[in-house]
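Tertiary structure, described
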Amino acid sequence: MKPEPGSGRLSLFRYLAGLVALCRKAIHSARINIVRSIRLQLMFTFFLCLVTAAFIYMVVNVFFGQLNRSPILDYQRGIEIIDDQARQIASYIKTPDVSYQGITDYISRNVGFTGNKVLLTDLDGKVFFKAGDATETEVDLHGIIGKAMEARYTTIYQSQEFTSFYPIELKEQAAYLIVTGIPQPSISYERGSSPLTLMTATASFIFMFYWLTKRKMDYIEELARGLQEISTGNLSYRVPLRSRDELGSLASSINKMTSALQTTSEEERKAERAKNELMTNISHDLRTPLTLIMGYLRLLKDKHFDDPKQSENYVQIAYNKSEKLKALIDDLFEYTKLSNHNIQANLERVCLNELLEQLTEELVTYAEENGLALLRELPSDRIFVSVNPSRIIRVFENLLGNAVKYSHQPGTVQIRLTHQAEGAQVCIINKGEPIPEEELPRLFDRFYRVDAARTSSTGGSGLGLAIAKSIVEGHHGRIWAECEGEEIRFCVMLPLA
């Protein structure tokens, strides 16, 4: 089957297109690797500077070589002319049927044209024919042969006579042809050298290497200045990202480190402020009951009472305040342990329906004393969670206690348990004074009270909700508050077991 016309040309085109695509891909890959590697950048820069310096060296060498060139006398061409004349005469003599007169005439014509001396001698060196300026009648054949052979292997020839020697047959008589002349020199020029050539190439290499690496060195200095700025405490400073190589990675790491240090520093400042606030609140909430206790004890000590009944009343007040002081200290100690994660929760698989059922039964009497009814909305399906029972009970006791304490009387408190996609959700719902929306997230801050005028004498310690939040979050759950009009909801979401 014959190939279609043009198929070979098409295959060649595809081959060339594939080769071009492969070259472009290789160049692109090399470019990416160079951009991402300082080592490859330095190698490429060094190679480029070296090639440029070599090119400058060649150009400058040609320039200074022409300026410093020196003439050279070459006698080789003159020697070849004399030797060629001798060879031509010898060849002419070997021509058949040439007469002696023809030979002498040919020699005379050639000698007159070149100005060389031509001798024909017998084997003993006696001259029987001479032409040109020759005057010799007898020659030293051994000396002439030696000089002729020596001249052929001499590389440096001075301005002196050169002899070309050939044996010939003349009228059946052995003879020698001797051609002697002074070779004419040809003049050529040798390119000179200069130390400025190497100096120029070296200077160009240094300048180009400095120029090509200047931006990279400036960036290194910029990173160094950035580190100095950060070391002074300016953690908001960020070094610029100007490359994708190791220096860019270093700059990114510096910025990440600075950001982490800034975050840590801010957290430390917040912790310091929180500690100061904690100390202030503790001092305030501890001082109030302690002052009352000391006041009533002082009245008892100084016997400032009218009768034993008033004395017993003072003792009872002091005792009640001491109990409240103990509860505050216990809450504070509990919150500190939970905040520092010093206690590992002993998790158990607990049925949340049964736990809430038991807890509400225990609080029915307390709610009825405050004119409230507890309503349970528990699903028929049992919902299990993995919790520390004693701590979770404390969370719900705190929420139910707050709901009873701050509800409108008479009224109801609802306990609603539902199964959600995230887990089990428990909501404590009551009606009371509306809570502003902006205050809802702050309810779980320690020592925070919605009513700023409320103190430990009229409210709790201010740690109950903070403790509840710590316990719930320790169980990987969520706690939040909602308010719609007078309806207040505190909700807890716990992961299912």
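See the structure printed just above.
All of the points below concern the structure found in this document. Small disclaimer: the values here were computed from a predicted structure and weren't measured.

This part takes up the environment of I56. Topologically, I56 is positioned in helix α2 (residues 38-67). Take I56: its relative accessible area is 24%, and that puts it in the partly exposed class. When near neighbours in sequence (up to four residues on either side) are disregarded, I56 contacts T200 and S204.

Since the α-helix turns once every 3.6 residues, residues separated by three or four places project in the same direction. For α2, built from 30 residues, the straight-helix expectation of 44 Å at 1.5 Å per residue is met to within 8% by its first-to-last C-alpha distance of 43 Å. Here α2 starts with a cap whose side-chain oxygen sits 3.4 Å from the backbone nitrogen of R39, and that cap is S37.

Pairing in this open sheet of five strands is mixed, and the strands run β8-β10-β11-β13-β12 from one edge to the other. On the outer flanks of this sheet lie β8 (372-377) and β12 (478-484), each paired with one strand and no other. Put simply, the sheet's adjacent strands are angled 15° from each other on average, direction ignored.

Attention now goes to the nonpolar core. Counting residues in each nonpolar core, the largest one holds 41 residues, and the members touching the most others are F396 and L399. Take this core: its biggest share by element is seven residues, from helix α10 (residues 389-405). Not counting residues up to four positions away in its chain, the partners in contact with L399 are I428, L465, I479, F490 and V492. A90, V118, F129 and I168 belong to the second-largest nonpolar core, a separate cluster that totals 21 residues.

A word on a nonpolar patch on the surface. Side chains of F44, L48, F207, Y210, W211 and L212 sit close together on the surface and give an oily, nonpolar patch of about 680 Å² of accessible area. Of all the secondary-structure elements, those providing two or more residues to the nonpolar patch are α2 and α6 (195-231). Counting residues per element, the nonpolar patch draws most heavily on α6, which supplies four residues. In this structure, W211 sits in helix α6.

Conventions we followed
- Residues numbered from 1 in each chain as written.
- Predicted model: local features only at pLDDT ≥ 70, side-chain atom pairs only at ≥ 80, totals over all residues.
- Heavy atoms only, no water.
- Helix = DSSP H or I, 4+ residues; strand = E, 2+ residues; numbered from the N terminus.
- Buried < 20%, exposed > 50% of the residue type's maximum accessible area, 1.4 Å probe, protein only.
- Contact = heavy atoms within 4.5 Å.
- Expected span 1.5 Å × (residues − 1).
- Polar contact = N/O pair within 3.5 Å; in protein donor to acceptor, adjacent residues only side chain to side chain.
- Pairing = 2+ DSSP bridges.
- Axes fitted to C-alpha atoms, helices over the stretch in contact; angles between N-to-C directions.
- Core = buried A, V, L, I, M, F, W, Y, C linked by side-chain atoms within 4.5 Å.
- Patch = residues over 30% accessible without salt bridge, like charges linked within 9 Å, V, L, I, M, F, W, Y side chains within 5 Å.
- Areas by Shrake-Rupley, 256 points an atom, 1.4 Å probe, with all protein chains shown as cover.
- Salt bridge = Lys/Arg side-chain N within 4 Å of Asp/Glu carboxyl O.

Spatial relationships are all this shows, so hold off on functional conclusions.
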